[in-house]
Amino acid sequence: MTLSARDVSWGASGRMIVGGVTLEAAPGKILGLIGPNGSGKSSLLRLLCRLRKVSSGVVELDGRDIGEVSRRELARRLAFVEQQATTEIQLSVCDVVRLGRTPHRGALASWNAADEQAVDAALARVGMSERHDQHWHTLSGGERQRVHIARALAQTPSELILDEPTNHLDIQHQLSILTLVRRLGVTCIVALHDLNLAALFCDEIALLHEGRLVASGTPETVLTEETIKRVFGVAVRIGASASGRRHIEYLVDPDCYGDAAP
Amino acid sequence: MSHHPVQPNWPARIGIALAALAALVFAIALAVTIGEMRIPLATAFQALGNGLFDLGYPVSAIQQGVIFDYRLSRALLAGLCGGALALSGAILQALLRNPLAEPYILGISAGASTGAVAVMILGFGGAALTVSGGAFLGSVAALLIVALLAAGAGGASDRVILAGVAGSQLFNAATATIVTTLASAEQARGVMFWLLGNFGGVRWPDVFVATPVALAGFAICMLHAKALDAFAFGADAAASLGVAVTRVRIVLFAVTAVMTATMVSIVGTIGFVGLVIPHAARFLVGPGHARLLPVCLVIGAIFMILADILSRILVPQQILPIGVVTALVGAPAFAIILYRARRPA
Ligand SMILES: Nc1ncnc2c1ncn2[C@@H]1O[C@H](COP(=O)(O)OP(=O)(O)OP(=O)(O)O)[C@@H](O)[C@H]1O
Ligand SMILES: [Mg+2]
């Protein structure tokens, strides 16, 4: 159940950007969204959190059309981390994470112990507790990303949508963020660029190409040599990683990639 | 580890509120005593007692008149005007995510003055439309034009300011056209004096109009304080935090337009307050709107009351337009704010 899209389409400036995509996030599982730049991953994620209105099709949360759920109710269930979001305002780390409590607080409610606890727990989970009072603008790209994830966790969501959460992160933090997401046990839809990370951490993968769903299913069925060659235009050899997951090796000669490009 | 008290610290809050109120009363008392006729503070309070509660202190009729009918209403209106403009600036800066947004720069004040002048000189709308009503229509028109121009130019937050500059020019030209072609010489002089910002003609009925507008506007803004915080990372981020973005924008833009229009229709256009005060307030209490908005209201009020005093005493025997004083005080203050707010790269 939880979050599903049925035949959703969306366009802008007279162009089809997402075309008839159907997918479903299994409860407590991680659904990876992969595809080349401009394939419509971010656009699809925005449709899934109702930041844009679908032009046809329907997005459902527990079988309810999310167009009919109030924004506030939706935000208590579903948290979204944008691909890149920054601010000119002088905020501290905890100011940003506190924003995650917005949907849980009434207009006149004062800050309470539950709010404080959610913020502290979220910061601890992304390993940023010591940075509680640091200024947002002084954080590195990866630290900002972790603070955004902490903000989303402070919403205490049951569905989490992440748009390239590993952007800017070093390899250790890429792994630790995705491990963290797995341990959360929440339903998660995550756009990823790194095919090996997708193979390693996702229970299911959906592959987008030019706004359309090309393949979906387990990493084993989606990540094949032919599909990757067709969609990304890169020759690969698929092996097995130490953990038994798929491992993708890129078959390129670093000295003459441009000549050999498809 | 946490630096934020879990329970609001009520004694501290009440203490700060009382201190702010005392500062406000002190500014008003200064405004009442300072002027061409110097009046001792004690006399001022006695006159106040007479005016409000009929206490019968021995205050001369002239002093009583100057204090109660003239200076007190003027000081109160200056306070309301400064508070409302500062509040409008803080709201626009948050919604448009642009630190330069304020009613004057976005052309909302210019639109309001065109509307007011259209009613005053053209008799636009007949008896159905008051000067304030005309100002409101003008400010809404300006807001819509700026929004359309900005959206047409791509909607980025820096475009809004450019659109505002274009809108101001348009409305100022319209005002100038109406005044120069259709007003009598006497009307034209009166209008020009009013346009530059002037508390001279303020009387009690103006205060009775401005008070509910400023206080209701403040209350509505306070109800949206958390929503305004959520705009920090943009409208999409606010929406994904559960804020009904479209409704909040419409309500708060309307509140800003009403507050600006009311003040402009009474005292003309006054720049800089909406720009400088929110930055000063942020510098004092940080960016959270639950604190920022009340602080803007109080500092804006005190600032405008003091600016009005300066406008009366800076040049002996003359009254400077209030807009000149706010710019004289505001520009250096703004430079300091910019300098000190430089963030580490
Ligand atoms: N509002 C819009 N108006 C016009 N075109 C748009 C709009 N939003 C997205 N697009 C276009 O739609 C396509 C898909 O964009 P989207 O951001 O969804 O891609 P993506 O898969 O997330 O890419 P990336 O991997 O680079 O993040 C792009 O070509 C983009 O230029
Ligand atoms: Mg993207």
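Residues numbered from 1 in each chain as written. Chains lettered and ligands numbered in written order. Predicted model: local features only at pLDDT ≥ 70, side-chain atom pairs only at ≥ 80, totals over all residues. Heavy atoms only, no water.

Some thoughts on the packing of helix H4 (residues 108-122) of chain B against helix H5 (residues 131-152) of chain B
In helix packing, the relevant descriptors are the interaxial angle and the interaxial distance, both defined with respect to the helix axes. All names here are of chain B. Running from N to C, H4 and H5 point in directions that differ by 140°, and their axes come no closer than 6 Å. Accordingly, the angle class assigned to the pair H4 and H5 is oblique. As H4 packs across H5, the resulting crossing turns out to be right-handed. Listed contacts from H5 to Ile108, Gly111, Ala112, Gly115, Ala116, Val119 and Met120 of H4 are Val131, Gly134, Ala135, Gly138, Ser139, Ala142 and Leu143. Among the residues forming the contact of H4 with H5, the class breakdown is nine nonpolar, five polar and no charged. (Axes fitted to C-alpha atoms, helices over the stretch in contact; angles between N-to-C directions. Helix = DSSP H or I, 4+ residues; strand = E, 2+ residues; numbered from the N terminus. Parallel < 35°, antiparallel > 145°, perpendicular 65-115°, else oblique. Left-handed = near helix turned anticlockwise from the far one by under 90°. Contact = heavy atoms within 4.5 Å. Nonpolar A, V, L, I, M, F, W, Y, C, P; charged D, E, K, R; others polar.)

Looking at the nonpolar core
Grouped burial of nonpolar side chains is what soluble globular proteins tend to show. Judged by nonpolar contacts, the single largest core of 166 residues is most densely connected at Val97, Leu160 and Ile161 of chain A together with Phe199, Phe233, Ile270 and Met304 of chain B. Looking at which element gives the most residues to this core, the answer is helix H3 (residues 61-96) of chain B, with 19 residues. Setting aside chain neighbours within four positions, we find Phe233 of chain B in contact with Glu82, Ala85, Thr86, Thr87, Leu91, Val96, Leu99, Trp136 and His148 of chain A together with Arg97 of chain B. In terms of nonpolar packing, the next biggest core, distinct from the first, is built from 15 residues, Ala118, Ile121, Ile178 and Leu195 of chain B among them. (Core = buried A, V, L, I, M, F, W, Y, C linked by side-chain atoms within 4.5 Å. Buried < 20%, exposed > 50% of the residue type's maximum accessible area, 1.4 Å probe, protein only.)

A closer look at the sheet that holds strand S6 (residues 78-81) of chain A
Residue and element names in this part refer to chain A. One open sheet accounts for six strands, arranged S6-S7-S8-S3-S9-S10; its pairing is mixed. This sheet does not close on itself; its edge strands, each paired only once, are S6 and strand S10 (212-217). Averaged over neighbouring strand pairs, the angle between their axes works out to 15° when direction is ignored. Strand direction decides the pairing type here: S6 and strand S7 (residues 159-163), joined by four bridges, are parallel. Residue pairing across strands places Val81 opposite Leu162, the latter belonging to S7. Lying over the sheet, helix H5 (residues 141-154) contacts S6 and S7, oriented at roughly 170° with respect to S6. Strand contacts of helix H9 (residues 225-232): strand S9 (204-209) and S10, with the helix running at about 35° to S9, the strand carrying the most contacts. (Pairing = 2+ DSSP bridges.)

Focus: the coordination of the magnesium ion (ligand 2)
All names here are of chain A. Protein coordination of the magnesium ion (ligand 2) is provided by Ser42 (OG) and Gln83 (OE1), with donor distances spanning 1.9 to 2.2 Å. Taken together, the positions of Ser42 in helix H1 (residues 41-48) and Gln83 in the loop between S6 and helix H3 (93-98) put the pair 41 residues apart, joining distant regions of the chain. Accessibility expressed as a relative area gives 15% for Ser42, which makes it buried. Assessed through its relative accessible area of 27%, Gln83 is described here as partly exposed. (Donors = N, O, S within 2.8 Å, 3.2 Å for Na, K, Ca; no water.)

Quick word on unusual backbone geometry
With a phi close to 75°, His168 of chain A is a non-glycine residue in the positive phi region. On the secondary structure map, His168 of chain A appears in the loop between S7 and helix H6 (171-184). Under the relative-accessibility criterion, His168 of chain A is labelled exposed at 60%. Even without glycine at this site, Phe272 of chain B takes up a positive phi of about 80°. For Phe272 of chain B, the location among the structural elements is in the loop between helix H11 (245-267) and helix H12 (273-285). Using a relative accessible area of 23% as the deciding quantity, one classes Phe272 of chain B as partly exposed.

Points about the environment of Ala135 of chain B
Residue and element names in this part refer to chain B. Relative to the helices and strands, Ala135 resides in helix H5. With 28 residues separating them along the chain, Ala135 and Ala163 place their C-alpha atoms 20 Å apart. Sequence-distant contacts of Ala135, that is, excluding residues within four places in its chain, are made with Ala112, Gly115, Ala116, Ala261 and Ser265.

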